[in-house]
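Summary of structural features
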There are 2 protein chains.
Amino acid sequence: MYRPQIKVFDCTIRDGGLINKHCFEDRFVRAVYEALTKAGVDYMEFGYRSSKELFPAKDFGAWKYCDDEKILEVTSGIESSMKVSIMVDAHRVKEQVFAPKDKSPVHMIRVATYVKDIDKAIDLVNRVHDLGYETTANIMAVSTEPEPELVEGLKQLAKCPVDVVYVVDSFGALFSEQIEHLVKLYQQQCPGKEIGIHCHNNQQLAFGNTIEGIIHGANFLDASLYGIGRGPGNCCLELLLGFLKNPKFNLTPILKVIQDYLIPLREQIEWGYLIPFMVTGILNQHPDFGTKRRSGPDKDKYAEFYEERLEALDS
Amino acid sequence: MYRPQIKVFDCTIRDGGLINKHCFEDRFVRAVYEALTKAGVDYMEFGYRSSKELFPAKDFGAWKYCDDEKILEVTSGIESSMKVSIMVDAHRVKEQVFAPKDKSPVHMIRVATYVKDIDKAIDLVNRVHDLGYETTANIMAVSTEPEPELVEGLKQLAKCPVDVVYVVDSFGALFSEQIEHLVKLYQQQCPGKEIGIHCHNNQQLAFGNTIEGIIHGANFLDASLYGIGRGPGNCCLELLLGFLKNPKFNLTPILKVIQDYLIPLREQIEWGYLIPFMVTGILNQHPDFGTKRRSGPDKDKYAEFYEERLEALDS
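Per chain, the residues get numbers from 1 upward, laid out in the order the sequence is written. Each chain takes a letter, starting from A, and each ligand takes a number, starting from 1, following the order in which they are written. In keeping with the model being predicted, local features are shown solely for residues with a pLDDT of at least 70 and side-chain atom pairs are shown and tallied solely at 80 or more, while totals for entire chains, interfaces and linings include all residues.

Describing the interface of chain A and chain B
As a reminder of what qualifies: Two residues form a contact once the distance between their C-beta atoms, set from the backbone, is within 7 Å. Strands here mean DSSP runs of E at least two residues long; helices mean DSSP runs of H or I at least four residues long; both are numbered from the N terminus. Put simply, Ala, Val, Leu, Ile, Met, Phe, Trp, Tyr, Cys and Pro go in the nonpolar bin, Asp, Glu, Lys and Arg in the charged bin, and everything else, Gly too, in the polar bin.
The interface is formed by 30 residues belonging to chain A together with 30 residues belonging to chain B. The set of elements that each furnish at least two residues to the side of chain A that touches chain B consists of α7 (206–215), α8 (237–243), α9 (252–268), α10 (275–282) and α12 (302–314) of chain A. Tallied by class, residues from the side of chain A that touches chain B come to 17 nonpolar, seven polar and six charged.

Right under this line is the structure:
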C-alpha cells in the first residue's frame, strides 16, 4: 500500500506510559526517538500534558506532563525531521500551559475526548490551533457510543479547525466491517478532514483493522513498537511499516530498538495478547477489568473471568 | 456473524504437532477432545496419517500416524457428535492404509498439496472418497503460486469429488484484499464446492483474514487453541468462537482447557507472535527460516535476521 498522504504515528511512549505511570528512562525515550527518526516515522507522541493539580508529580513519570523543556532535553543533539506530538484529555484541562508553536518542540496536540466532552475538546482545539499547532480529536471508546450522539459530535468537529478526526477502538471490540462503517461515517460527517485510526489488540485485530482503515481512506495511522500499550497494546509499528510500501520507511532500526529495548522491557511490564483482555474485547468492556484481573492471584483463571464478565452484562 | 453452514475446524493437535514431533500426551489430546466437544466445535483434526516407511515411528509421536486404534483409544468413553479428521500429504503417500469409513473413527480426510502435486492429491481424494470419507484439498503456500498454475489446479479439483477446497496461507504473508481475491477465485473455479480457510499468524492477521474469508463466503474455518501451530501459529479458536454468533458454540470450556493445558505447554514449546516469523511473513518466505533462527543463539537478533532474509531475496 503506497499513498503519499499516509502518516505513520508512533505512540510507544504515550500509550506505553499508561502501563508504567509514564516512567520511561530518558535513554529509552531517546533510543525510541532515534530509531523512529531513522525509520522515517512521521510523528512521535511523547505522552500527555496533564494537569499537575489533578495528577501530582510525585505519582508519575515525566511523560505524564511532557514539559517542553523535558522534550528538548531528551531529543537534544539528534537531528530529526520527525514531528513531535503530545496528548491532552479534553475533560482534564486545568492549569496546563501551551507555549506558542514557534517557541515549542511540539508540532501537534492531540485531544482525547469522549463524545459527551466534545465541546470541551473543541474549546481546547481552538485554543491550541490559534497557538499554531496541528490538532486532532480522538474520540475514545467509540464502540460504546450510540450512533446519533456520535454523528452529532462529528458534525460539531466538522465546523472547528481540527485537522484530523480519529476512530479510536479503545476496547479492542471492533472488527473490519465496523471499522469500514466508522471511517466512512467520519469522512461523510467531516468532509475535508483527515481521518485517523487507533486500534487496540484485544482480539489480535489491531493491525488488520488498521489495514481496513487504510483501504477506506484513513491516512493517520497509530502504532507502537512491538505493540506496547494499555492492556493488549496497539497495532505493531513493525507490522505497519512492513505493510506500507513507501520507500521512505526503513524497518531495520525498528527491529533493532525492539530487540535492544522492548524485549527486555516486556520482561518487566506486561502487554500483548492475554486472554482477560481478549474477554473484555469480545464483550466490549473496559480493559481495566482485565488489568485488574492480571494483577491478582487469579490472573490465569480465564473461564471464571469470562463467566464473571458475562454476568456483569446482565446486572 | 451467524451462518448455519459455517463449520469450525480445530487443528490444535495436527498443526501443534508440527512443533513437538506430534508427541502430545494422551491426557492432553483427551482434554482437548472433551473441551472441543463441549464447545460445539464441528471437526477436530488429530494429526497426519504419515507413512512409517518415510517417517520411522521411533522419531515421532502417535499423532504423526493417527492410527484408527489410537484415535479410538484416546476418545473412548467420551460422548461426542464432533467429527474427526486426519491429514495426509499428497506427495508423501506410500503404504498408508485407510479402512472403509464405516469401520473407522475418522469422518474426514484432508489432503495437503502443493499446486504441482494436485494430480496426486486428486488420486488420494478419489481413493478415500470411494471409501466413504468427506474430503478436502488444502493447497499449501498459495502466496508463492503463480495464478495461472493455481487456476489450472483449481479447475482440476472442480472436476473431482472433493467436498472442500482450502485457501492456505502457509507463510502468513497475505492480507485482507488478497484473501478476498483468493476466496472469490476458488469459488469461481470450483462452483458448488465449499471453501475453507487456514491462516498463519506471522503478521497477527490470522483471525482478521479468517473474518475476511467468512465475509466472502468461506464456510470451513481452521483455528487452534491459543493459536498453537507451526511458527507463529494459527487463528485462535477462542477468538473465532467469540466472533461467531451461532448459539451452539460455548466459549467457557475453551478458556478452561487453555488455562489448564495450553498455558503450561507454552512454557515448554514456543509459538505465537515472534519477530523472526513476522519477518518471514512480510517477505513471503518459509517459516522454517524463523524456526531455525529461534533455535540458535541469535534468536533475538531481529535486525540482522531481517537483513539476511532481504539479501536472500536478491540471491
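Some remarks on helix α4 (residues 118–130) of chain B
Residue and element names in this part refer to chain B. Basically, it comes down to this: One less than the number of residues in a helix, times 1.5 Å, gives the span that helix is expected to have. Residues are called buried when their C-beta atom has 20 or more other C-beta atoms within 10 Å, exposed when it has 12 or fewer, and partly exposed otherwise; all C-beta atoms are positioned from the backbone. Here the arc refers to the set of directions running from the helix axis out to each C-beta atom.
Spanning 13 residues, α4 covers 18 Å between terminal C-alpha atoms, matching the ideal 18 Å at 1.5 Å per step. Listed in full, the buried residues belonging to α4 are I118, A121, I122, L124, V125 and V128. The arc that holds every buried residue of α4, seen down its axis, measures 165 degrees, which confines them to one face. Of the exposed residues in α4, those oriented more than 90 degrees away from the buried face are D119 and D130. Phi for G132, located one or two positions after α4, is positive at around 105 degrees.

Observations concerning the domain arrangement of chain A
Spelled out, the test is: Where each domain starts and ends comes from a domain assignment, either automatic or drawn from a database.
Here chain A is described as being made up of domain 1 (7–268) and domain 2 (275–314). On the domain 2 of chain A side, the residues contacting the ten residues of domain 1 of chain A number eleven residues.

Structural notes on the packing of helix α2 (residues 26–39) of chain A against α9 of chain A
Residue and element names in this part refer to chain A. For clarity, the cut-off: A fitted line through C-alpha atoms serves as each axis, taken over the contacting stretch for helices, and the angle formed by two N-to-C directions is quoted from 0 to 180°. Each angle gets one of four labels, with under 35 degrees taken as roughly parallel, over 145 as roughly antiparallel, 65 to 115 as roughly perpendicular, and the rest as oblique. Each helix crossing is assigned a hand: it is left-handed if the near helix lies turned anticlockwise from the far helix by less than a right angle, otherwise right-handed if that turn is clockwise.
Put simply, α2 and α9 touch, their axes get as near as 8 Å, and they point 160 degrees apart. Taken together, α2 and α9 sit at an angle that is classed as roughly antiparallel. The interaxial crossing formed by α2 with α9 has left-handed handedness. Note on element contacts: α9 touches α2 through P253, I254, K256, V257 and Y261, opposite F28, A31, V32, A35, K38 and A39. Tallied by class, the residues present in the contact of α2 with α9 amount to nine nonpolar, no polar and two charged.

What to know about the pairing of strand β1 (residues 7–10) of chain B
Residues and elements named next belong to chain B. Keep this limit in mind: Two strands qualify as a pair provided that DSSP identifies no fewer than 2 bridges between them.
Sheet topology note: the β1/strand β8 (residues 220–223) ladder contains four bridges and is parallel. In the sheet register, D10 faces β8, and the bridge partner there is A223. Bridge count between β1 and strand β2 (residues 43–48): two bridges; the pairing is parallel. Bridge pairing in β2 places F9 opposite Y43.

Looking at the nonpolar core
Just so we agree on the cut-off: The term nonpolar core refers to a set of buried Ala, Val, Leu, Ile, Met, Phe, Trp, Tyr and Cys residues connected through C-beta atoms within 7 Å.
Counting residues in hydrophobic clusters, the biggest one holds 205 residues, and the most contacted among them are V167 of chain A together with V167 of chain B. Non-local contacts of V167 of chain A, meaning those with residues more than four positions away in its chain, are made with V142, I179, L182, V183, Y186, I195, G196, I197, G213 and A218 of chain A.

Comments concerning the relation of the copies chain A and chain B
Selection criterion: Copies overlap after least-squares fitting; the atoms used are the C-alpha atoms of residues with pLDDT of at least 70 in both.
When chain A is fitted onto chain B, the two copies agree to an RMSD of 0.0 Å after a turn of 180 degrees and an axial shift of 0.0 Å. Within this description, the copies of the chain are treated as partners about a two-fold rotation axis. Here 100% of the interface residues in chain A have copies in chain B that are interface residues too; the copies meet face to matching face.

So, unusual backbone geometry
All names here are of chain B. The phi dihedral of H22 falls on the positive side, at around 65 degrees, and the residue is not glycine. Within the element layout of this structure, H22 appears in the loop between α1 (12–16) and α2 (26–39). Here Q204, not a glycine, exhibits a phi torsion of approximately 55 degrees, which is positive. A tally of 25 C-beta atoms within 10 Å means that Q204 is categorised as buried.

Some details on the sheet that holds strand β7 (residues 194–199) of chain A
All names here are of chain A. Spatial ordering of the closed barrel is given by β1-β2-β3-β4-β5-β6-β7-β8, a layout of eight strands whose pairing is parallel. Adjacent strand axes in the sheet meet at a mean angle of 25 degrees when their direction is disregarded. For β7 and strand β8 (residues 220–223), the ladder comprises two bridges, and the chain directions are parallel. For G196, the partnering residue across the bridge sits in β8 and is F220. On top of the sheet, helix α4 (residues 118–130) reaches β3 (83–89), β4 (108–113) and β5 (134–139); it is set at about 170 degrees to β4, its chief contact.

A word on the sheet that holds strand β4 (residues 108–113) of chain B
All names here are of chain B. Read around the closed barrel, eight strands run β1-β2-β3-β4-β5-β6-β7-β8, paired in parallel fashion. With direction set aside, neighbouring strand axes in the sheet form an average angle of 25 degrees. As paired strands, strand β6 (residues 164–169) and strand β7 (residues 194–199) are joined by six bridges and run parallel to one another. Paired with V168 across the two strands is H198, which belongs to β7. With respect to the sheet, helix α6 (residues 176–189) is in contact with β6 and β7, its orientation differing from that of β6 by roughly 160 degrees.

What to know about the environment of V115 of chain A
Examined against the element boundaries, V115 of chain A turns out to sit in the loop between β4 and α4. Expressed as a C-alpha distance, the spacing of V115 of chain A and A141 of chain A, which sit 26 residues apart in the sequence, is 9.0 Å.

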